[in-house]
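# Summary of structural features
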Amino acid sequence: MRRITHVRLPQCPGATPSQGLHWLILSDQGVITEIGPMPAMAAMAGESWNGDWLSPRGIDLQINGGLGLAFPELCDDDLPRLLQLLDQLWRDGVEAIAPTMVTCGVEPLRRALSVLRQARSLHQKGRCRLLGAHLEGPFLATERRGAHPITHVAPPSLAALERRIAGFETEISLVTLAPEQPGAEHVISQLTSLGITVALGHSTATGEQAATAFDQGVGMLTHAFNAMPGLHHRAPGPVGEACRRGGIALGLIADGVHVHPTMAVLLQRMAGDQIVLVSDALAPYGLADGEHRWDERVLHVQDGTCRLEDGTLAGVTLPLLEGCCRLALWSGDADGAIWAATMAPRRVIGMDHSVEGLVGQPIDHLLRWDLSDEGASLAWREAA
């Protein structure tokens with residue numbers, strides 16, 4: 001038996017303050033068997049972590065590929081490299097991902113979903129797990145499509161949805177669409193009946209239209225602020241309505257380019273309990289900066305930011321937990337940043353997001369976080 005003391009655990013921003021520091025008991029096999037609050041004004045024997053945090057690994061609900069692979073382009077021959085990518089993600093502190101499929105043709109989409117199905121069957125300990133896919137499109141507003149190819153953007157309909165996901169309904173976790181498009185309400189109803197989370201994204205929706213979508217069952221904004229109307233004092237848009245209402249997950253790319261650090265901090269202060277950090281990483285994730293291929297197009301990657309040749313912002317190559325550390329640096333709220341990368345995504349897709357869920361977990365599957373540089377810089381490592 002091993003006892004660790006003076007440990008912080010992830011806490012949802014705005015929640016009733018917890019007991020503060022905790023102790024853990026580990027079995028001889030390194031599995032957490034008990035968690036409890038540190039006694040006030042009393043000493044406790046054990047290995048002190050001096051206030052460092054313990055958390056699960058991160059979960060990334062928006063990642064488009066890596067190591068040169070774009071998820072919508074997957075074919076059977078890509079399976080070995082896909083497994084390598086999942087191994088890399090585990091080393092980068094990520095427990096599970098929702099592989100994101102940007103707008104593409106029906107046949108490539110279904111082929112890619114089939115490859116992902118094969119990869120799920122090959123999961124093993126110490127490898128990032130594949131959740132259901134995140135379909136980002138094709139039911140998007142053309143005016144806000146960003147880097148999505150207009151050729152495959154489609155109006156929402158049940159028939160179009162069926163063509164894409166029939167037979168894969170239980171292997172889809174999330175669908176991003178523009179809810180203001182005619183016919184979207186029927187698609188939203190069908191997806192929610194299947195237990196699939198629906199997100200507003202690449203949308204022209206006003207605040208009022210966003211409110212209607214939330215009433216219909218939309219539960220998230222895909223990369224808040226990006227590819228949607230902004231936050232204006234006379235037009236609050238989807239972000240303003242989501243913050244006013246509460247309970248709507250706010251996907252956030254914390255690279256400092258997609259969203260200015262000041263706006264990211266303001267969002268955290270307004271609605272820290274709603275933020276869900278995502279990487280939005282593209283196929284060059286894990287590769288060097290420079291020119292890379294993305295379908296028939298060229299991606300220019302500089303300092304982890306990906307742009308098309310016309311300058312359109314397309315995504316990033318930064319790891320999810322790098323965004324977490326950046327948000328903590330900008331805001332000074334390490335607690336909130338850790339929650340947004342590790343616990344909040346679990347809540348979106350119905351996974352256990354309580355600290356009690358750490359009981360039964362091997363310590364070497366978890367992360368230890370500490371603040372350095374006089375409390376300014378957050379860093380992580382494996383907890384074992």
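## A look at the overall build of the protein chain
- Broken down by element type, the protein chain carries 10 helices and 22 strands.
- In terms of overall size, the protein chain behaves like a compact globule, its C-alpha atoms giving a radius of gyration of 21 Å where 384 residues would be expected to give roughly 21 Å.
- Each principal axis of the C-alpha distribution contributes one length, and for the protein chain these read about 65 × 50 × 40 Å.
- The contacts in the protein chain between residues at least 6 apart in sequence include a share of 68% that link residues at least 24 apart.
- For the protein chain, the accessible area works out to roughly 15700 Å², and carbon and sulfur atoms hold 50% of it.
- In the protein chain, the 29 positive side-chain charges and the 43 negative ones have mean positions that sit 2 Å from each other.

## Things to note about a nonpolar patch on the surface
- A surface patch of nonpolar side chains, amounting to about 270 Å² of accessible area, comprises Leu231, Leu266 and Met270.
- Following the sequence through the fold, Met270 ends up in helix H7 (residues 261–271).
- With relative accessibility at 48%, the residue Met270 sits in the partly exposed group.

## A closer look at the pattern of salt bridges
- This model, assessed by the stated rule, comprises 12 salt bridges.
- Its salt-bridge partner being Glu95, residue Arg346 comes within 2.3 Å of it at the nearest N-O pair. With Arg346 in helix H10 (residues 344–348) and Glu95 in strand S9 (residues 94–102), the pair connects residues that are 251 residues apart, well separated along the chain. Residue Arg346 shares its accessibility class with Glu95, and that shared class is buried.
- Salt bridges here are not isolated pairs; linked through shared partners, they connect Asp215, Glu241, Arg244 and Arg245.

## Remarks on the packing of helix H3 (residues 158–165) against helix H4 (residues 184–193)
- At a closest axis distance of 9 Å, the pairing of H3 and H4 adopts a crossing angle of 40 degrees. With respect to their mutual orientation, H3 and H4 come out oblique. Judged by residue contacts, Leu158, Leu161 and Ile165 of H3 engage His186, Val187, Gln190 and Leu191 from H4.
- Grouping the constituent residues of the contact of H3 with H4 by class yields five nonpolar, two polar and no charged.

## Quick look at the packing of aromatic side chains
- All chains considered together, the criterion is met by zero aromatic pairs.
- Sitting over the face of the ring of Trp53, Arg8 holds its NZ or CZ atom 5.7 Å from the ring centroid.
- Seen from the ring of Trp90, Arg57 lies directly overhead, with NZ or CZ sitting 3.8 Å from the centre.

## Notes on unusual backbone geometry
- The residue after Gly137, namely Pro138, is reached through a cis peptide bond having omega 10 degrees.
- If you trace the backbone, Pro138 turns up in the loop between strand S11 (133–136) and H3.
- For Asn50, which is not glycine, the phi torsion reads 55 degrees and is therefore positive.
- Summarising the element assignment, Asn50 is placed in the loop between strand S4 (47–48) and strand S5 (53–55).
- With phi around 50 degrees, Asp303 is a residue other than glycine that occupies positive phi space.
- By relative accessible area, Asp303 is classed as exposed at 61%.

## Details of the sheet that holds strand S18 (residues 297–302)
- In spatial order, the strands read S17-S18-S19-S20; together these four strands make up an open sheet with antiparallel pairing. This sheet does not close on itself; its edge strands, each paired only once, are strand S17 (290–294) and strand S20 (313–316). Going from strand to strand, the sheet's axes swing by 30 degrees on average, the running direction of each strand aside.
- Summarising the sheet, strand S19 (residues 305–308) and S20 pair through three bridges and their orientation is antiparallel. Note on S20: the bridge partner recorded for Arg307 is Leu313.

Rules and cut-offs
- Residues numbered from 1 in each chain as written.
- Predicted model: local features only at pLDDT ≥ 70, side-chain atom pairs only at ≥ 80, totals over all residues.
- Heavy atoms only, no water.
- Helix = DSSP H or I, 4+ residues; strand = E, 2+ residues; numbered from the N terminus.
- Rg over C-alpha atoms; globule rule 2.2 N^0.38 Å.
- Contact = heavy atoms within 4.5 Å.
- Areas by Shrake-Rupley, 256 points an atom, 1.4 Å probe, with all protein chains shown as cover.
- Lys, Arg positive; Asp, Glu negative; His and termini not counted.
- Charge placed at Lys NZ, Arg CZ, Asp CG, Glu CD.
- Patch = residues over 30% accessible without salt bridge, like charges linked within 9 Å, V, L, I, M, F, W, Y side chains within 5 Å.
- Salt bridge = Lys/Arg side-chain N within 4 Å of Asp/Glu carboxyl O.
- Buried < 20%, exposed > 50% of the residue type's maximum accessible area, 1.4 Å probe, protein only.
- Axes fitted to C-alpha atoms, helices over the stretch in contact; angles between N-to-C directions.
- Parallel < 35°, antiparallel > 145°, perpendicular 65-115°, else oblique.
- Nonpolar A, V, L, I, M, F, W, Y, C, P; charged D, E, K, R; others polar.
- Phe/Tyr/Trp six-rings, centres within 6.5 Å; stacked < 30°, edge-to-face > 60°.
- Lys NZ or Arg CZ within 6 Å of the ring centre and 35° of its normal.
- Pairing = 2+ DSSP bridges.

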